[in-house]
Structure formats: C-alpha cells, structure tokens
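Coordinates in review
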Amino acid sequence: MTKFVYDFSEGNKDLKDLLGGKGANLAEMTRMGLPVPPGFTITSEACQAYLASGREPSEMAAEVDEHLVELETKMGKKLGQSDDPLLVSVRSGAKFSMPGMMETVLNIGLNDQSVRGLAAQAGNERFAFDSYRRLIQMFGKTVLDIDGEHFEGALDEAKRAKGTKNDLDLDAEDLRRLVETYKQVVVTRAGREFPQDPKEQLSLAIRAVFDSWNAPRAILYRRQERIPSDLGTAVNICSMVFGNLGSDSGTGVAFTRDPASGAKGVYGDYLQNAQGEDVVAGIRNTLSLADLENLDKKSYDELMGIMSQLEEHYRDLCDIEFTIERGKLWMLQTRVGKRTAAAAFRIATQLIDEGLIDENEALQRVTGAQLAQLMFPHFDERAATQKIAQGMNASPGAAVGKVVFDSYTAIKWSRSGEKVILVRRETNPDDLDGMIAAQGILTSRGGKTSHAAVVARGMGKTCVCGAEGIDVDTKARHFTTKDGTVHPEGTVISIDGTSGEVFLGEVPVVDSPVVRYFEGELDPEATGADEVDDIVKAVHRIMKVADGTRRMAVRANSDTEEDSARARRFGAQGIGLCRTEHMFLGDRRSLVEALILADTDEERERQLAELLPLQRQDFLGIFEAMDGLPVTIRLLDPPLHEFLPDITELSVRVAVAESRGEAREGDLRMLQAVHRLHEQNPMLGLRGVRLGLVIPGLFEMQSRAILEAAALRVKAGGVPRVEIMVPLVGAVQEFEAIKDDIISVAREVRQETGAHLEFLVGTMIELPRAALTADQIAESAEFFSFGTNDLTQTTWGFSRDDVEAAFFSHYLEKGIFGVSPFESLDREGVGELVRIGAERGRSVRPQLKLGVCGEHGGDPDSVHFFHEVGLDYVSCSPFRVPVARLEAGRANGGGGSDSR
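Residues numbered from 1 in each chain as written. Predicted model: local features only at pLDDT ≥ 70, side-chain atom pairs only at ≥ 80, totals over all residues. Heavy atoms only, no water.

1. A closer look at the overall build of the chain
A count of helices and strands for the chain gives 36 helices and 31 strands. Against the globule reference of 29 Å for 900 residues, the chain gives a C-alpha radius of gyration of 32 Å, in line with a compact fold. Taking the principal axes of its C-alpha atoms as reference, the chain extends roughly 105 × 65 × 60 Å. Pairs at least 24 residues apart make up 69% of the contacts formed inside the chain by residues separated by at least 6 positions. Entry remark: accessible area of the chain is about 36,300 Å², with carbon and sulfur atoms responsible for 46%. (Helix = DSSP H or I, 4+ residues; strand = E, 2+ residues; numbered from the N terminus. Rg over C-alpha atoms; globule rule 2.2 N^0.38 Å. Contact = heavy atoms within 4.5 Å. Areas by Shrake-Rupley, 256 points an atom, 1.4 Å probe, with all protein chains shown as cover.)

2. Details of the pattern of salt bridges
Within the structure shown, the criterion is met by 65 salt bridges. The partner of Arg-176 in a salt bridge is Glu-125, and the shortest N-O contact between them spans 2.1 Å. With Arg-176 in helix H7 (residues 172-190) and Glu-125 in helix H5 (residues 125-142), this residue pair connects regions lying 51 residues apart in the sequence. Between Arg-335 and Asp-319 there is a salt bridge; the shortest N-O distance is 3.0 Å. (Salt bridge = Lys/Arg side-chain N within 4 Å of Asp/Glu carboxyl O.)

3. Some remarks on the side chain of Arg-335
Looking at the secondary structure, you find Arg-335 in strand E10 (residues 328-336). Taking the relative accessible area as the measure of exposure, Arg-335 reaches 19% and is therefore buried. Side chain to side chain, Arg-335 and Ser-97 meet in a polar contact 3.3 Å long. Look past the residues within four positions of Arg-335 in its chain and what remains in contact with it is Asn-25, Ser-97, Leu-317, Cys-318, Asp-319 and Glu-321. (Buried < 20%, exposed > 50% of the residue type's maximum accessible area, 1.4 Å probe, protein only. Polar contact = N/O pair within 3.5 Å; in protein donor to acceptor, adjacent residues only side chain to side chain.)

4. Remarks on the packing of aromatic side chains
Within this structure, the stated rule accounts for 17 aromatic pairs. Taken together, the ring pairs connect Trp-796, Phe-798, Phe-807, Tyr-811 and Phe-817 into an aromatic cluster. Note that Lys-3 overlies the ring of Tyr-6, its terminal NZ or CZ placed 4.9 Å from the centroid. Here Arg-222 stacks its cationic end above the ring of Trp-213, 4.0 Å away from the centre of that ring. (Phe/Tyr/Trp six-rings, centres within 6.5 Å; stacked < 30°, edge-to-face > 60°. Lys NZ or Arg CZ within 6 Å of the ring centre and 35° of its normal.)

5. Quick word on the pairing of strand E6 (residues 250-257)
Taking burial as the measure, the eight residues of E6 include eight buried ones, the bulk of the element. The pairing of E6 with strand E7 (residues 264-272) spans seven bridges and is classified as antiparallel. In the strand pairing of E7, Thr-251 is matched with Leu-271. Where E6 hands over to E7, the hairpin turn is made up of six residues, of which Gly-262 adopts a positive phi near 90°. (Pairing = 2+ DSSP bridges.)

6. Brief notes about the nonpolar core
One finds Phe-345 and Val-539 to be the most contacted residues of the largest nonpolar core, which totals 121 residues. Grouped together as the second largest cluster of nonpolar side chains are 58 residues, Ala-128, Leu-144, Val-186 and Phe-210 included. (Core = buried A, V, L, I, M, F, W, Y, C linked by side-chain atoms within 4.5 Å.)

7. Quick word on the environment of Leu-707
Of note, Leu-707 is situated in helix H27 (residues 698-715). Given the relative accessible area of 1%, Leu-707 is considered buried. Along the sequence, Leu-707 and Ala-746 sit 39 residues apart, while their C-alpha atoms lie 6.7 Å from each other. If we ignore the near neighbours within four places in the chain, the residues touching Leu-707 are Ile-724, Ile-742, Val-745, Ala-746, Val-749, Leu-757 and Phe-759.

8. Considering the sheet that holds strand E3 (residues 88-94)
Spatial strand order, E1-E2-E5-E3-E4: five strands in an open sheet with antiparallel pairing. The open sheet has two free edges, formed respectively by strand E1 (5-7) and strand E4 (104-108), since each of these has just one partner strand. Sheet twist, expressed as the average angle between the axes of neighbouring strands with direction ignored, equals 20°. With three bridges connecting them, E1 and strand E2 (residues 39-42) associate as antiparallel partners. Each residue of the ladder has a partner; that of Asp-7, found in E2, is Phe-40. Along the sheet face, helix H1 (residues 16-31) touches E1, E2, E3 and strand E5 (233-239) and points at about 125° away from the line of E3. In this fold helix H8 (residues 198-212) packs onto E2, E3, E4 and E5, with an angle of close to 150° to the strand it touches most, E5. (Axes fitted to C-alpha atoms, helices over the stretch in contact; angles between N-to-C directions.)

9. With respect to the packing of helix H3 (residues 60-75) against H8
Running from amino to carboxyl end, H3 crosses H8 at an angle of 125°, the nearest separation of the two axes being 13 Å. Here H3 lies oblique to H8, going by the angle between them. Between H3 and H8 the crossing geometry is right-handed. Packed against H3, whose contacting residues are Met-60, Val-64 and Leu-68, the element H8 presents Lys-199, Leu-202, Ile-206 and Phe-210 at the interface. Partitioned by chemical class, the residues of the contact of H3 with H8 number six nonpolar, no polar and one charged. (Parallel < 35°, antiparallel > 145°, perpendicular 65-115°, else oblique. Left-handed = near helix turned anticlockwise from the far one by under 90°. Nonpolar A, V, L, I, M, F, W, Y, C, P; charged D, E, K, R; others polar.)

10. A closer look at unusual backbone geometry
Despite not being glycine, Asn-107 has its phi angle at roughly 70°, a positive value. With respect to the secondary-structure elements, Asn-107 resides in strand E4. At Arg-326, a position not held by glycine, the phi torsion is positive, near 50°. You can see Arg-326 is positioned in the loop between strand E9 (318-325) and E10. Residue class for Arg-326 comes out partly exposed when judged on its relative accessible area of 42%.

11. Topic: the confidence of the model for the chain
In the predicted model, the chain carries a mean pLDDT of 90, and the fraction of residues at 70 or more is 97%. For the stretch residues 895-900, pLDDT sits under 50, and the model shows 21 contacts to residues farther than four places along the chain or on other chains. (pLDDT = per-residue confidence, 0-100.)

12. Focus: helix H28 (residues 732-753)
Compared with an ideal rise of 1.5 Å per residue, which puts 22 residues at 32 Å, H28 spans 31 Å between its outermost C-alpha atoms and is within 8% of the ideal. Elements in contact with the buried residues of H28: helix H26 (689-694), H27, strand E27 (721-726), strand E28 (759-765) and helix H30 (774-777). Looking one or two residues past H28, Gly-754 carries a phi angle of roughly 70°, positive in sign. (Expected span 1.5 Å × (residues − 1).)

13. A few points about H3
Look at H3: 22 Å from first C-alpha to last across 16 residues, which is about the 22 Å you get at 1.5 Å a residue. Those residues of H3 lying buried are Met-60, Glu-63, Val-64, His-67, Leu-68, Leu-71 and Glu-72. Packing partners of the buried residues in H3 comprise E1, E2, helix H2 (44-53), E3, H8 and E5.

14. Observations concerning the state of the cysteines
Note on terminology: a disulfide is the covalent bond linking the sulfur atoms of two cysteines. Following the criterion strictly, the structure yields zero disulfides and no others. Here Cys-463 stays free of any disulfide, with the sulfur of Cys-465 as its closest cysteine sulfur at 3.5 Å. In this model Cys-578 remains outside any disulfide bridge; the closest cysteine sulfur is found in Cys-853, 11 Å from its own. (Disulfide = S-S within 2.5 Å.)

15. Some points on the sheet that holds strand E18 (residues 470-473)
Within the open sheet, the three strands sit side by side as E18-E19-E20. Their pairing is antiparallel. Single-partner strands in this sheet number two, and they are E18 and strand E20 (486-488). Shown here is a sheet whose adjacent strand axes are inclined to one another by a mean of 20°, direction ignored. Pairing between E18 and strand E19 (residues 478-481): four bridges, direction antiparallel.

16. Re the side chain of Thr-340
Here Thr-340 lies in the loop between E10 and helix H13 (341-353). Of note is the side chain of Thr-340, whose polar atom sits 2.5 Å from the backbone oxygen of Ala-260. At 3.2 Å, the side chain of Thr-340 forms a polar contact with the backbone nitrogen of Ala-343. Discounting chain neighbours no more than four positions away, the residues touching Thr-340 are Pro-259, Ala-260, Ser-261, Ala-394, Ser-395, Pro-396 and Arg-457.

17. Considerations on the pairing of strand E15 (residues 420-424)
Within E15, five of the five residues are buried, which leaves it mostly tucked inside the rest of the structure. Covered by surrounding structure in E15 are Val-420, Leu-422 and Arg-424 together with Ile-421 and Val-423, the residues of both alternating faces. Where strand E14 (residues 398-404) lies against E15, three bridges are found, and the strand directions are parallel. Looking at E15, one finds that Lys-402 is bridged to Val-420.

Okay, here's the thing in structure tokens:
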C-alpha cells in the first residue's frame, strides 16, 4: 500500500523525489536535532495522482487526519480550537526549487472564534487579528483565486485612513475592521463566505497547492529552468511559529555565503514583527543580520552556529529561512542556495580549499550555462556615466534597455525588438513573464533574498534591488530620482548587477575578464598574477579539472582563418565543421552565378578553375591556424538557389525593364536559371551529395583545393590533418561515387606536388535513412559527423525557418515541447537515431570516428547525451567551446547537466 504522508521525523535529505526539496530538508534538520516546528509532508506521488485523476488518492485523507492527530497530541492543542488554537502553514515544495511559483497559506485554523483565543493566549490582540487578516488574504488569493489587488487596496485604504504608510502602525481595532473588509471581499469576489471550519481550510489549501503546480507562472518557470512537468509538488503542513508577535519576534532569510559574489561571510535579511512572506515579497526594506545581532544576540549566536553546521553538513552554500518567536529561534527551511555564475565558481574552489569537497565534486557544482554567463560583456569602467541611483547587487551582469513598468509592456516591447528593463517597487510571481522578457530587473524595495533577487539569480538575469533613491509610480508610468527628476516609461537606463549602480542612458560594454582569459590575455599562473580577477582564477582551476577529466574532444565550427585562430585560443582541438558555402558569397558570388549559368562543359570548367585558387587559399589559412589538429571540411551543401537573386525581386526587375524596352540578356538568362532551379522544398531537393553527383567537377574542384592547400602546408613544414566530409548522404552508393572522385583527385595532387598526403573521407549523418543504414555507409566512410540540425528537421518533418515562428510558441505553451528540439537534442527521437547510427557504424568499423557538428554540440544537456552514446567529439561555435569543454568534463565525472 502506497504511503502518502510522512512525519518530519521519518524522512531525510535524500528523499527529494518523494518529499520535495523543502520536505526532505525539513526532515533532515529534524534528524539533526535542529529546532524545527513539528509537522508532516504529503508526498509528490499524491500530487501526481491528484493531477492525473482530479481528486486526491482515497487513502490520503485518512493519513492526513492520522498525522494531524499526532501533531495535535505533540503540540497539546487542536487545530483551530477556540482557546489557544493550533495553527499550521501549508506550503508547496517540489523536488527542484521554484521560488514563489507555487502557493503558501499561513495561519490555517484561525476563524472568528479562535482568533480571540489566540489573542488571549498571546496577550496580544493586534498580533491575532494581523494573523487572521493574513490568512484571509492568502486563502482568498491562493484557494479562492481572488485578485490580490482587492486585498492590497483594502490594506492601503486602512493605512490612508490611519495617516500612515507602514502597516505596523495599524492597531488591533484597525486590523479587526480590516478582517471584516477582507471577509466581505471574499463574499463579493468568490461568492461564498470565508470558511470557518479549520479542517475545510486545511483540505482546500492542500488542494490549492496541488493545483498550483499547473498555474501559468509555474509552467513558465519550469519551461525556463527545464524542470520536468510530471514531477508534481509535495505539500508541507507545519505547526505555526510567529514572527509577528512584537519587537522580540521576527523572520528572516540567510545565506551561509554571499549568493551574488560567493564571498565568505554571513548574508541575509531580517524583519522585526513580521511573517516569512514579508521578507521575500520585498514589501518592506529589511535589516541585515548584523542588525539582528544588536537586537537579539542570543538568537543571532544560535543562528550562526546552525548556519555553520548546515553548510558543513550539506557541503555547500545553504539558503535558510527562520523565525524568532519571542526570543526563540525556529528553522523553517534550508536548501542548497541558488547563486550567480560567479558565486558558483568561487564557492566551488573555496570548498576545495576548505577540504569539504574534492576537485571532481567541484566540477559538478558548476555548469556550462553559468560559464556562458561569465563570458557576457560588462560595462566599460572608463566610460562617462551619469549615476542616478544605488541599490543592492542582487544578480550580476550589465543590462541596458528602455524602462517599462509591467510585464505586459515588457513582453510587447521586447517582441517588437526593443530591449527593456522591468522597473517595479517589488516583483511578485506574476511578474515572471516580464522578468524573462526583460534584459534586467530594477526594484526600489527588497533585498538579496527578495523574490526579484532569487528568481533573477536563478535565471542568470541582471538585477538590482532595493534602490531606495527611486520612487516608482507604476500607475503614472514613471519613476522619480532623489533630485526630483521624473523619468517616464521608455527612458533608457543601464543597470549594473555587480555593483548595484543605476545609470541614465546607455553605458558601453566591454569583454568580460573570463573572455580575455580564454583569449590568452590573462594568465592566472603567470608571475604577478595577483592582479588577475579571482573569478578568472576560479574558472582556470575548474577548467583544468574539466580538461583533465573529459573523454570527448571539443572542436569548433569555423569557416575562416580568424575564427579558427580564436577557436584554438578558446581550447578547440580542431575544426569539426568548415562550411565551404560561406566561401562562395560576397565578391565571389558572381563567379558562382556564372558557374550556375554555364551552358557548356568548357564554360563550367572555366568558372571552376577561377574558383579553385580562391578556395585553396581559404583552406590554407585554416590549416595554418589549426596546424596539427583535425580539420573537417564539408563539401558544398545548400541548394544552388541560395546563390542566385530572389525569384520575385528578379521577376519584377525584368518585367519593369521589358516594359521600358531596357531588358538585358544577362537578366533574362538569370531569370531562366532561377525558374529552372526553383524548388517547392529546396532543403529536400538538389543539395548536398546530390549537387556533387549532378554538377560535374564541382566536388572535384573543392577536393583539389583542399588537398593542394594541404600539400602546400606539408611543404612548409606543417602537419595538416584533413577530413573531407560529404553532406546529406542517404545511401552508401551516393557516398561511394563521391569518394571515388576524391581518391582520384588525391592521386593526381600527390603526383603533381610530390607531397605525402594523409586524409580521411567521411559523411554527415543528417537523414534518418543514413542513421538506419549506418552499417552499410561505414563500410566505406572513415568517419561520421552527426548533423543534428538537419537530422532534427528531417526526423520531425520540420522546416526550421518556417515552424519556429509559426507554432513553436504554442507547442511550448501546451507542454508538447519542454524546450525547442533545435536548442536541446530530442533524446527520444533524434537522439535515438544518433545512438542507432553510432552503434551500427561501429559494428562494422569499430574504430569509426564519431562526432557531432550541429548547434547541439554546444548545448550542455546535449553534450551529456553525446558522451553517453560514445561520440569522440562535439563541435560548436568558437564562443561555446569553453562551455562544451566544461560539460564534457562534467559528463565524464559522473554528474548531470542539471543547472537548477
């Protein structure tokens, strides 16, 4: 029989799949003997059953009742009893942290009778009615789906009537009246009374947390963070402890190290006389933990000891939520904390030095996505700037854009190509769409643990919080700085998430120090390297571990000598894809057009002869840049129409010229050629190997240019490692025909130059048929390179240029895709073809060299898959080479690609 409910004393931190991250860690802290309020967890399996059937599992209600009775016995009071009531919180808790995306309800058990019992027991009527109004507000929003603005408006009106902007100035009578107002909001907006039965409150709240798994913002967050949609959430029912009992009470969030920079020390926010949601909501600016030491030294010292204990236990940065109730410290949550990319690398190396983890574990603590963030540009310190505000450096980076004040505008403007900065007093989970669309986020309230800061760090989005020098008026759609200047929507600002500075106008950006390190400008091991940024030193240490750990090589996709040289500086171990079609553009287009228009063999051979020395020089430069490393050159792949004028534009030009009697013979010939070569679906037409078979001499010319360049390199003392790749092969017979021509050309070049040439001839596997007949193709091919871009198109039946704009957004919204299959490899479909192709190819040729040259070669998750199926290398753009190196090391170190 499935067990759906676990007491906190029954679980541990390794049960995240079942109890969710929050429940597993509450159980772990309970096992450690830390002060955790008693409670129990409803498993994620119960949520999965509920989502599948629309109702809770039949056994769940009895298990909840049984654990509630045990909790009541332990606490010596019953849920919602009229005198000294037991109150509980109901909080979500999925396997992966989703801050603010799902629901929480505090103070379950309060009603018109028990609120008076709570007041009498606490000796504090204000506290009791403050807790009751919070329950009605949370319950109304979460369970009854009432727009929170109705409650917030009522609270604002109560403060206006009192002549204050601070809710702490409201007394017990004010809050009693607010409770009645809130109850009327519930009747008006939900069409029912606020439930007075504590058991009904609990049951409805549990169901609401289950439902919140599929709330739009939760779905959007999972898609953004690539969290599987079928996990469901656990629900934690915890006995309430109160931070809003007075000045000797409060609530806070703390980190054992700075989550923004990784610096050692204690970081966090504390609010006196408040409940937990007040801190993360950012509705009041917080105190620091240093202030807590002055306010309550005993609780501060105990908290410091627990934080040290938790970091040593988890061997990582810990994020902690706590409440102090009349001088008594309670731990409400811990988890391995989200951090910025810079913090991730710094903390990983710090923990090595502290002996808490080894180098291989440190490698698993960072991700390729984080490394990519560190390679983004930052503001030029030498630029003239106009600083208009200072906030907290919540999430690093350099962001420039036009100011917008709501998510709708952020999305609308960004879709029209504008870069925007979302400016709010504070963000809430409903702002997630706008946060994703924006270049950065700026808030006038909140600290490093506010919703904006936590979510921005998780997304790698630049964020500045708590910029008190700006007064944000979202209704008037402007913000005002301390000097009285009004800045309307559309004003361009620049925000620095590393320093917390806000500048008026666009500040220029420069390369990050990490890019300069990869370029070879910074050497962390050189004499005098003390001046090198410590983040560069951390990246250097981790990259050495990755390079020493990985099995797969990393190559670059490059078509020029300059890109090839840069790729080598970035650590590329060769070229995995050199696209020869890019060499036919620009000034050479006229030669290609003449080749296509050639009516006779002599004319075609003349045009090929003119192209030959140009191609040879292209390849020579790449061989020089990559001397001693393999260079895979793909013969011409795209359909010929890509080298000709657009059919519509050319038709109009010819028609206009004819009407004026000015038609030219060249334009008429070109139009005839365009019509002759026009295809309904050119990406499945005359391209790739088919061009080499249909157009005599084309692939022979390219092969000769490649091999003559290699011969020149050999004579100059170089070591060219040539790999000639035939594209779009679907049958071994196609490949064999082209390979025979290449071998014949090589024989001629050897005789003409006297150079000893070694080279391989292989093919791209980019058609399903090629993958399925890989054993036949491998009889002749000496290497395979999986072209996953085209393989994705041909497996799904997609034309990428058409479908991404046409319907991919709908597929993502409906959950058909978790992520675009062009961004991250579709393992079940396209990936299975890669696996089949690799296995069948090596069944015939065990030492067959296998690589991938699609864009997936630089995608962290895809790199792990390619490692699993035994590929020898991945190839990606030069800028992504360090990311692929890191992920290849992580893949061979036993770690996942999960960056959550």
